[in-house]
Amino acid sequence: MPSSFRQIDPPQRLLMGPGPVNAHPRVLRAMSADLLGQFDPEFTAYMNEVMGLYRPIFGTENKWTFLIDGTARSAIEASLISLASPGDRVLVVNFGRFGLLLTEILARIGAEVRTVDAEWGKTVPMDEIAAAIADFEPKVVATVHGDTSTTMAQPLEGLGELCRQAGAYSYVDATATVGGMEIAADRWGVDIVTGGLQKCLGGPSGSAPITISDRAAEHIFARRHTELGIKRDDLEQGSGQRIGSNYFDLAMVMDYWSEKRLNHHTEATSMLYAARECACVSLEEGLAERFERHRLAGKAMTAGLRAMGLTVFGDDAHRMTNVTGVYIPETVEGERVRQRMRDDFEIEIGTSFGPLQGKIWRIGAMGYNAAKNKVLITLGALEAVLRTEGHSVPSGAAVDAALEAYTS
Ligand SMILES: *Cc1c(COP(=O)(O)O)cnc(C)c1O
């Protein structure tokens, strides 16, 4: 029998990069539950439960809180193409790789994009965003919350109000922070927030939770009936679509998640089970407790890295709690260290891209892996690898400092 027919048996690797991370065992078990038809009342009841479970996770009362089937990027794309039409002005708050992704998606649909930028390792001050809105008069303002490429978290307090006063819709990519840092969609006053499971929610990638304000939902529905100038029947006959995607047409996806249950795609059953379990595990732990667990893990990781004499990347005041960037010492080869972490210790840490490629590693402690033992094991392993690669580090200092951070 060819060996490729063997049952899949991946190594037990500890994923301490910027995501994905190891899924919570409860989530993996939920995914193996029996399948149901997408209109089965038991299944639509699960869909409704999911809507309810993700409201507190996003910090919102929004009726339209549901899942997009796909990785986090699917919800990003669905949101942007549903909010902005070709030719619309969109302001992107850009402070890393994922700001560039927003720009790229918008450019693809023919939006007129302007960015308000911060250098990598910093965030954009709110008054600069306000000035750019006043000057550019965008229809949509799009930003990332935590950009894992730079490990920075953009402050969002007051953003929604600023946008509403200017008559703009607002979009936030919270993929890397949801479930690990507070998401306050209603308090921030933002219109659409999207996430993914594979970072702080401790699930696999492949389902993207989304929440949409009533006013943005109205805009999206109205666009279908007026701006598009066509009705659903026409759409189904394929005449004159303006939203260039059927799969990501949020009005159609919302019809499917509504009581109408209009057929669209076949909901990804096992991914919905996973998303539901991620939310249950998070809410059972308590969101405040969960954020504190991530904060402590990040604090201990940072303390440990510094105790090794390494330099932590980026602005201390705006660092994400769940992923830490650290400069690669000049005496070692970054990729070799990562490989030895993997080969000798079964631990994955992250590389970087763009202007930071080859300059920093990114070490995450997210979701199920934001745990004391995993932080300590990672620091201990990194110390051993650095030392055997010829970079001298004070023996035991990293683990001691991390332990200290957990008790102080
Ligand atoms: C990880 C990440 C994504 C990833 O999207 P996928 O489609 O799930 O790979 C998007 N945005 C941000 C901010 C991220 O950190």
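Every value quoted in this text rests on a predicted model; they were computed, and no experiment measured them.

Engineer: Before we go on, may I ask you to explain the pattern of salt bridges in this structure?
Structural biologist: When the charged atoms of two side chains lie near each other, side chains of opposite charge can form a pair. The final tally for this structure, using the stated rule, is 23 salt bridges. Of the charged contacts in the structure, one is a salt bridge between glutamate 284 and arginine 26, with a shortest N-O distance of 3.4 Å. Within this pair, whereas glutamate 284 is found in helix H11 (residues 269–285), its partner arginine 26 is found in helix H1 (residues 25–31), the two being separated by 258 residues in sequence. Looking at glutamate 284, the relative accessible area reads 63%, which means it is exposed. Salt-bridge contacts for arginine 319 lead to aspartate 316; the nearest nitrogen and oxygen are separated by 2.4 Å. Through salt bridges with shared partners, one network takes in Arg26, Glu49, Arg276, Glu277 and Glu284.

Engineer: I'm lost on the side chain of serine 170 in this one. Help?
Structural biologist: Mapped onto the fold, serine 170 is located in strand S8 (residues 169–173). Beyond its immediate sequence surroundings of up to four residues, serine 170 is in contact with Leu83, Val141, Gly160, Cys163, Gly189, Val190, Asp191 and Ile192.

Engineer: How should the nonpolar core be read in this particular structure?
Structural biologist: One recurring pattern in soluble globular proteins is that nonpolar side chains are buried together. Formed by 87 residues in total, the largest nonpolar core has its most connected members in Tyr54, Phe66, Ile68, Ile212, Leu250, Met254 and Trp257. In contact with methionine 254, not counting residues within four places along its chain, are Trp64, Phe66, Ile212, Ala217, Ile220 and Phe221. Counting residues in hydrophobic clusters, the runner-up holds 33 residues, among them Val326, Leu382, Ala398 and Tyr406.

Engineer: Help me understand empty space enclosed by the protein in this model?
Structural biologist: Rolled over the atoms, a probe sized like a water molecule indicates the empty space that remains. By the definition in use, this model includes 1 cavity of 30 Å³ or more. In this structure, the largest cavity occupies an estimated 40 Å³ of space. Lining the largest cavity are Ile68, Asp69, Tyr247, Val253, His264 and His265. Residue composition of the lining of the largest cavity, grouped by class: 3 nonpolar, 2 polar and 1 charged.

Engineer: Honestly, the sheet that holds strand S2 (residues 64–69) in this entry has me stumped. Any pointers?
Structural biologist: Think of a sheet as strands paired side by side through backbone hydrogen bonds, with each pair either parallel or antiparallel. Taken together, 7 strands build an open sheet; the order of strands is S2-S10-S9-S8-S5-S3-S4 and the sheet is mixed. Sheet topology places S2 and strand S4 (112–117) at the edges, where each strand pairs with a single neighbour. Taking the axes of each pair of neighbouring strands and ignoring which way they run, one obtains an average angle of 20° across the sheet. Here S8 runs beside strand S9 (residues 192–194); their pairing, made up of 3 bridges, is parallel. Along S9, the bridge assignment pairs tyrosine 171 with isoleucine 192. The sheet strands contacting helix H2 (residues 41–58) are S2, S9 and strand S10 (207–212), and the helix crosses S2 at an angle near 105°. The sheet strands contacting helix H10 (residues 250–257) are S2 and S10, and the helix crosses S2 at an angle near 110°.

Engineer: Explain the environment of leucine 36 to me, please; I cannot follow it from the model alone.
Structural biologist: On the secondary structure map, leucine 36 appears in the loop between H1 and H2. Residue class for leucine 36 comes out partly exposed when judged on its relative accessible area of 28%. Sequence-wise, leucine 36 and threonine 269 are 233 residues apart; in three dimensions their C-alpha atoms are separated by 7.1 Å. The residues touching leucine 36, leaving out its near neighbours within four places in the chain, are Glu42, Phe43, Tyr46, Thr269 and Tyr273.

Engineer: Sorry, what's going on with the site of the ligand here?
Structural biologist: The local shell around the ligand holds 13 residues, among which Thr71, Thr148, Asp173, Gln198 and Lys199 are the closest. Threonine 71 is positioned with one of its side-chain polar atoms (N or O) 2.5 Å from an oxygen atom of the ligand. Between the ligand and the protein, one listed contact pairs an oxygen atom with a side-chain N or O atom of glutamine 198 at 2.7 Å. A total of 390 Å² of accessible area belongs to the ligand in isolation, and the protein chains cover 87% of it. Of the residues contributing to the shell around the ligand, the split by class is 5 nonpolar, 5 polar and 3 charged.

Engineer: Quick question: what am I supposed to make of the side chain of glutamine 38 here?
Structural biologist: Within the secondary structure, glutamine 38 is located in the loop between H1 and H2. Of the polar contacts made by the side chain of glutamine 38, one reaches the side chain of asparagine 263; its length is 3.2 Å. Here histidine 265 takes part through its backbone oxygen, which lies 3.1 Å from a polar atom of the side chain of glutamine 38.

Engineer: How should I be thinking about the packing of aromatic side chains in this particular structure?
Structural biologist: The way to describe two aromatic rings as a pair is by their centre distance and the angle between their planes. Under the definition given, this model contains 8 aromatic pairs. Seen in terms of ring centroids, phenylalanine 66 and tryptophan 257 are 5.8 Å apart; in terms of plane orientation they differ by 40°. Their pairing is tilted. One end of the pair, phenylalanine 66, is in strand S2; the other, tryptophan 257, is in helix H10, and 191 residues separate them in sequence. Its end group placed over the ring of phenylalanine 98, arginine 97 keeps NZ or CZ at 5.8 Å from the ring centre.

Engineer: Sorry if this is basic, but what is going on with the packing of H11 against helix H12 (residues 287–307) here?
Structural biologist: Two packed helices can be described by the angle between their axes and the distance between those axes. The geometry of H11 relative to H12 is characterised by a closest axis approach of 5 Å and an angle of 90° between their N-to-C directions. Between H11 and H12, the crossing angle belongs to the class labelled roughly perpendicular. Mapping the contact onto sequence places Val281, Ser282, Leu283 and Glu285 in H11 and Leu287, Glu289, Arg290 and Arg293 in H12. The class makeup of the residues in the contact of H11 with H12 is 3 nonpolar, 1 polar and 4 charged.

Engineer: Which parts of the structure should I look at to understand the UniProt feature "binding site: substrate" (unreviewed entry) in the protein?
Structural biologist: In this structure's numbering, the residues bearing the UniProt feature "binding site: substrate" (unreviewed entry) are Arg362. Positionally, arginine 362 belongs in strand S13 (residues 360–364). Residue arginine 362 is classed as buried on the basis of its relative accessible area of 5%. Within the local environment of arginine 362, its side chain forms a polar contact with the backbone oxygen of threonine 148, the two atoms lying 2.7 Å apart.

Conventions used here
Each residue is numbered by its place in its chain's sequence as written, counting from 1. Confidence filtering applies because this is a predicted model: local features only for residues at pLDDT of at least 70, side-chain atom pairs given and counted only at 80 or more, and all residues used for totals across whole chains, interfaces and linings. Just so you know, side-chain values use all the structure's heavy atoms and leave hydrogens and water out. What makes a salt bridge here is a side-chain nitrogen of Lys or Arg within 4 Å of a carboxyl oxygen of Asp or Glu, nothing more. Comment: elements are numbered from the N terminus, with helices defined as DSSP H or I runs of at least four residues and strands as E runs of at least two. When a residue's accessible area, from a 1.4 Å probe over protein chains only, is under 20% of the maximum for its type it is buried; when over 50% it is exposed; and in between it is partly exposed. Residues are treated as being in contact if the distance between any of their heavy atoms lies within 4.5 Å. To define a nonpolar core, start from buried Ala, Val, Leu, Ile, Met, Phe, Trp, Tyr and Cys residues and group those joined through side-chain atoms within 4.5 Å. Using protein atoms alone on a 1 Å grid, points that fit a 1.4 Å probe yet trap it form a cavity, whereas open point sets bounded by protein on both sides within 12 Å along at least five of seven lines form a pocket; residues with an atom within 4 Å of a point count as lining. Grid points are joined across faces, edges and corners, and a volume is the space filled by probe spheres set on the points. Classes in brief: Ala, Val, Leu, Ile, Met, Phe, Trp, Tyr, Cys and Pro nonpolar; Asp, Glu, Lys and Arg charged; the others, Gly included, polar. Being paired, for any two strands, means DSSP has found at least two bridges between them. For helices, the fitted axis covers only the stretch in contact; all axes are lines through C-alpha atoms, and the angles between them, taken along N-to-C directions, range from 0 to 180 degrees. For this purpose, a residue is taken to be near a molecule or strand whenever a single non-hydrogen atom of the residue falls within 4 Å of it. Throughout this description, a polar contact denotes any pair of N or O atoms lying within 3.5 Å of each other; where both atoms belong to protein, one of them has to be capable of donating a hydrogen while the other can accept it, and for residues adjacent in sequence the pair is counted only when both atoms sit in side chains. Reported accessibility uses the Shrake-Rupley method at a 1.4 Å probe radius. Residues are deemed covered only where the shown protein chains occlude them. Side-chain rings of Phe, Tyr and Trp (the six-membered ring for Trp) are treated as a pair once their centres are within 6.5 Å; stacked means planes under 30 degrees apart, edge-to-face means over 60, and tilted covers the remaining angles. In this scheme, the term charge over a ring applies when either NZ of a lysine or CZ of an arginine sits within 6 Å of the ring centre and within 35 degrees of the ring normal. Oblique is the label for any angle not covered by the other classes, which are roughly parallel (under 35 degrees), roughly antiparallel (over 145) and roughly perpendicular (65 to 115). UniProt positions are given in the numbering used here, feature names are shortened, and annotations may be inferred rather than shown by experiment.

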